[in-house]
Amino acid sequence: MSTTVQPAAGKDRAGLSLASLLRKFGPLLGLLILCGALGAASDRFLTADNLLNVCRQSAVNALVSLGQLVVIVTAGIDLSVGSILGLCCVLVALLMHSGVPPLISVVAALALGLVLGALNGILLTKLHLPHPFIPTLGMMNVARGLALVISGGFPISELPSSFRFWGAGSLGWIPAPVILVALFSAAFYVFLNRTTVGRDIYAIGGNPQAARLSGIPVDARLILVYALSGLTAAAGAIVLAGRMNSGFPLAGVGGELDSIAAVIIGGASFLGGVGTVSGTLVGALIMGVLRNGLNLLNVSAAWQTVVIGIVIVAAVWVDIARQRAADKGGR
Amino acid sequence: MDHAAPLLEARNISKSFGPVGVLHAVSFDVRHGEVHALVGENGAGKSTLMNIVSGVVQPDAGELIFEGRPVRFEGPRDAQALGVGFVHQELALVPQLSVAENVFLGRYPAARGFVNYGDMRRRAHELLAGLGHDLDPKRPVADLSLAERQLVEIARAVAFDCRLIIMDEPTAPLSDHDAQALFRSMRLLRDRGVGLIYISHRLKEIFEISDRVTVLRDGRHVLTQPTAEVTQDEMVRAMIGREMEARLHTASTGSVRPGEALRIEGGINLCVHQGEIVGLAGLAGAGRTRLLEWLFGAAEAHPRSQCGEARTVWVNGQLANRRSPLDAVRNRLALVPDDRKSKGLVLGASVFQNIALAGGHGRFWIRRSQEEQVARRWATTLRIKAAGLSQPVVHLSGGNQQKVVLAKWLVAEARIFLLDDPTRGIDVGAKAEIYDMIRKLAGEGAAVLMASSELEELMGVADRIVVMHRGRIAGELPRAEATEEKIMHLATGGAD
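Below: a short report on this structure. Computed from a predicted model, the values in this text were never measured in an experiment. (Residues numbered from 1 in each chain as written. Chains lettered and ligands numbered in written order. Predicted model: local features only at pLDDT ≥ 70, side-chain atom pairs only at ≥ 80, totals over all residues.)

## Things to note about the environment of Ala187(A)
Residue and element names in this part refer to chain A. One can find alanine 187 in helix α7 (residues 176-194). Overall, the presence of 13 C-beta atoms within 10 Å leaves alanine 187 in the partly exposed class. Taking C-alpha positions, alanine 187 is 20 Å from leucine 171, a pair spaced 16 residues apart along the chain. (Helix = DSSP H or I, 4+ residues; strand = E, 2+ residues; numbered from the N terminus. Buried ≥ 20, exposed ≤ 12 C-beta atoms within 10 Å, placed from the backbone.)

What follows is the structure, encoded as structure tokens:
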């Protein structure tokens, strides 16, 4: 008689195998190797100042990627986050320039991101558009266009210093945006892993049909997911505007692709149902470290883009190859 | 053609995957013009043996002899070149393409790079006619019924000049009626000298269609005999090594209580009492799945059912909301869907995650340890065979997967079970366990509405059988009066 599920199995042993350890910490290992290599190549890389700088520069992408992660876990994609970031960036600056207090301006920008994201979700579920690519591609263009319209195409600079704190400030030696990322990450981690709604989201990514037939309100969950993605894009806008001391309409151009790259490098799957907050943070850091390190090594921006493209494909390929090997070993 | 030698002979085939021995010196042969049934519980080694015969897997030991000559298959192409065809359970057709294009997929009749569509359609039509069916070769496969798609797969094997065709549970998704049509095609092929290997869990069909039968158990060969010389009891005993028949046909539990658990009024009138098991019979397309999914708030009403009349549903005497499956779950309904892989399970997720899928609605925080305890208890009660709660369900056998789906609803404390072909493609042992569970639930007062394509199963389990025909209820038979003839009479539209 083969074994049934053992009543007293407690911790499942499978969690300790080498393959699953590699799966869990593969992206982190990649980050450490990358840091080691860059440290060897440039004596300016492994300094406290520079590493804090990398964290600060990675913060915007990390925030946007958290929302993108939740979307990708549902087997979706959000192409509009870069443009929503741009629009919120301009809006918050315009409001403050017209005398609205920073706090209210920030809340308004976050609300706009949330609403535009929710709109993506509503378009997807209620109009039965065939794939999230469509509504978010539409939103990507609309939001970018609106950002250019309301700003007249010009950056809105010189923002109040209390606002700039979240982009450029520090608490002790810790950059303020890093604290923001930590808070958002903790919230997203708890949401995805400790709440039934988070569990629903993984189930929807794994098999939407089975999720629906188990009583999970799939449409409502998807609307929430895209709203969260809009919210984190707006949070990214606050940090970016603060750091640059400017709300500029071309903020976040290409941001959707950076966030998708961070999520995928972090071990999430386009097929849905898989992805972690910690992996995504590591993914965003890998992107940031690469850019920073290549800058220090005087590699031109053009070549940096080439390298990042190769890293994205290589990271996913390594992941797939490892899975194949694990599947073969398991048979 | 040399009919003395077997078409294909496998001698002393052994195969292990890692440390697990799957086949132990199994011998097996197929003759020209015979249907050879291959039976055994899931995990008995049928699939592996067939994968070896069709070149997908290479044996560790033993030899294959094709028409008297030893052969070695390095891959499926080698087997195909000799004329071995495999009609898979999960059909491998391109839905957007036409029947003819699918039949000749990858080998279109062409001249100088241009496909000769006229010739292709004509030949496809001939092939299908040779199987006893008249199917328009221009129709897209997406429009075809499951039974018709299977026919296209078989036509493809014939177009390849296959002399040995392996069919892996071809009737699992078919109604008895469609299965008969498939058998007609199989007999036509047999009469032309084609050898057929037929894998099925439906013993009745094996007696109907096969000339010889081979039973495997735990990777070993148990018996090969002319089907006419074996009884069903002998076959079942050979498969499971113990007496099981009694468990498949116990008397009704007699647990029916007066309280109405479920009542439908309108175009369809149907009532299920607490503690009652009502069977739902009907041919494929009669609307059984549609009715169950509609009850669960997951599908529109059947287009052919009496339209215009509002159909209302009462649960435990109260008018029930049915806007979404969530309403149904709140009313403590459960749906075990017809296709567990696409509708019942998140395949990549763990046993625990699947069991927890329906139980958490209405709570915000996950109560991990408590939920694990409940899940573990049900997994033990249902005897789910898994390496642990964290094992992905994709690696479980069909029977264990179905038990996971059941466990999900037991955790959610459902009281009304809508079961849509709950034992499809499941081996005899797991089937008996699922019947036991259904009876136990009814014994505890749960109401069960169970659709099945297997009449025998319905007659063995249900207290009452409701027969559907073209989206309506054609009649109802109490357990004592139900016979296969009466059910088929109603299911094919005969008057009550």
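## Things to note about the pairing of strand β12 (residues 220-226) of chain B
Residues and elements named next belong to chain B. Across six bridges, strand β11 (residues 212-217) lies against β12 in antiparallel orientation. Counterpart to arginine 217 in the pairing with β12 is arginine 220. Counted between consecutive antiparallel strands, the loop separating β11 from β12 contains two residues, among which aspartate 218 sits at a positive phi close to 50 degrees. (Pairing = 2+ DSSP bridges.)

## Description of the nonpolar core
With 248 residues, the main nonpolar core has Cys88(A), Cys89(A), Val92(A), Ala234(A), Ala237(A) and Val448(B) as its most contacted residues. The greatest single-element share of this core, amounting to 16 residues, is contributed by helix α10 (residues 218-244) of chain A. Residues from two domains meet in this core; each of domain 1 (8-243) and domain 2 (248-332 + 415-491) of chain B gives at least three. Among all residues touching Ala237(A), those that are not within four sequence positions of it are Leu85(A), Cys88(A), Cys89(A), Val92(A), Ala109(A) and Ala251(A). (Core = buried A, V, L, I, M, F, W, Y, C linked by C-beta atoms within 7 Å. Domains from an automatic or database assignment. Contact = placed C-beta atoms within 7 Å.)

## Thoughts on the interface of chain B and chain A
At the junction of the two partners, chain B supplies 39 residues and chain A supplies 25 residues. At the level of secondary structure, the elements contributing two or more residues to the side of chain B that touches chain A comprise α11 (325-330), α12 (340-344) and α14 (368-381) of chain B. Its residues assigned to classes, the side of chain B that touches chain A comprises 23 nonpolar, 10 polar and six charged. (Nonpolar A, V, L, I, M, F, W, Y, C, P; charged D, E, K, R; others polar.)

## Focus on helix α6 (residues 176-191) of chain B
It helps to recall that an α-helix has 3.6 residues per turn; residues three or four apart then point in one direction. All names here are of chain B. For α6, which comprises 16 residues, the first-to-last C-alpha distance of 22 Å matches the rise-based estimate of 22 Å (1.5 Å per residue) to within 8%. Listing the buried residues of α6 in full gives Asp176, Asp178, Ala179, Leu182, Ser185, Met186 and Leu189. The buried residues of α6 all sit within an arc of 160 degrees when viewed along its axis, so they share a single face. Buried-residue contacts for α6 involve β3 (35-39), α5 (146-159), β9 (164-168), β10 (195-199), α7 (203-209) and α17 (455-461). Immediately downstream of α6, the backbone of glycine 193 shows phi near 95 degrees, a positive value. (Expected span 1.5 Å × (residues − 1). Arc of directions from axis to C-beta.)

## Things to note about the sheet that holds strand β17 (residues 318-319) of chain B
One open sheet holds the four strands; their spatial order is β14-β13-β16-β17 (chain B), and the pairing between them is antiparallel. The two strands at the open ends of the sheet, each matched to only one other strand, are β14 (270-273) and β17 of chain B.

## Looking at the sheet that holds β11(B)
Residues and elements named next belong to chain B. An order of β6-β9-β10-β3-β11-β12 is seen for the six strands of this open sheet, with the pairing classed as mixed. One side of each edge strand has no neighbouring strand; the edge strands of this open sheet are β6 (84-87) and β12. Across the sheet, the mean angle separating the axes of adjacent strands is 20 degrees when strand polarity is ignored. The pairing of β3 with β11 spans four bridges and is parallel. (Axes fitted to C-alpha atoms, helices over the stretch in contact; angles between N-to-C directions.)

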